[in-house]
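Reading the structure
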Amino acid sequence: QVQLVESGGGLVQPGESLRLSCAASVDRFSIYHMAWYRQAPGNQRKLVAGITGGGSTNYADSVKGRFTISRDNAKSTMYLQMNSLKPDDTAVYYCNRDDRYYSFTDLFPWGQGTQVTVSS
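What this report covers is the structure whose coordinates are included nearby. (Residues numbered from 1 in each chain as written. Predicted model: local features only at pLDDT ≥ 70, side-chain atom pairs only at ≥ 80, totals over all residues. Heavy atoms only, no water.)

**Here we look at the pattern of salt bridges**
- By the definition in use, this model includes 4 salt bridges.
- Taking the shortest distance from any N to any O, the salt bridge between aspartate 61 and lysine 64 comes out at 3.0 Å.
- Given the relative accessible area of 64%, aspartate 61 is considered exposed.
- It is possible to trace a salt-bridge network through shared partners that takes in Arg38, Arg66 and Asp89. (Salt bridge = Lys/Arg side-chain N within 4 Å of Asp/Glu carboxyl O. Buried < 20%, exposed > 50% of the residue type's maximum accessible area, 1.4 Å probe, protein only.)

**Some thoughts on unusual backbone geometry**
- In this structure, serine 76 is a non-glycine residue whose phi angle is positive, near 50°.
- Following the sequence through the fold, serine 76 ends up in the loop between strand 7 (67–72) and strand 8 (77–82).
- One non-glycine residue, serine 84, lies in the positive phi region at around 50°.
- Among the secondary structure elements, serine 84 is positioned in the loop between strand 8 and strand 9 (91–97). (Helix = DSSP H or I, 4+ residues; strand = E, 2+ residues; numbered from the N terminus.)

**Re the sheet that holds strand 6 (residues 57–59)**
- Ordered by their spatial adjacency, 6 strands build an open sheet running 2-10-9-4-5-6, and the pairing between neighbours is mixed. One side of each edge strand has no neighbouring strand; the edge strands of this open sheet are strand 2 (10–12) and strand 6. Neighbour-to-neighbour, the strand axes of this sheet turn through a mean angle of 25°, independent of strand direction.
- The pairing of strand 4 (residues 34–39) with strand 5 (residues 46–51) spans 5 bridges and is classified as antiparallel. Across the sheet, tryptophan 36 pairs through a bridge with alanine 49, a residue of strand 5. (Pairing = 2+ DSSP bridges. Axes fitted to C-alpha atoms, helices over the stretch in contact; angles between N-to-C directions.)

Read these as spatial facts, not as claims about activity.
Written out as structure tokens, the structure is:
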């Protein structure tokens, strides 16, 4: 069973930073194109950053210049460095395969996510 475990969230003030981690219990992690998603209450889950197996990255306009996605294939772990956080970044953050490359049915089971709250 594939398992994704997100961690690193918390309560921060606007302008502060967090680094999220996604530990993937999956064989051959390096071959998968991965992504970070977030979901605020009442909203759809939205992809905010993607990284291919080869390390190419891309970002939603709302986080460009502030967030950095990375991965450590040796540790089967993906990261999201979030700087200059804004209240609109408040959401539960999830990791999974990048749904622009894979069919919905081929995504891994969703983890529980990690809560990020940005508030003064």
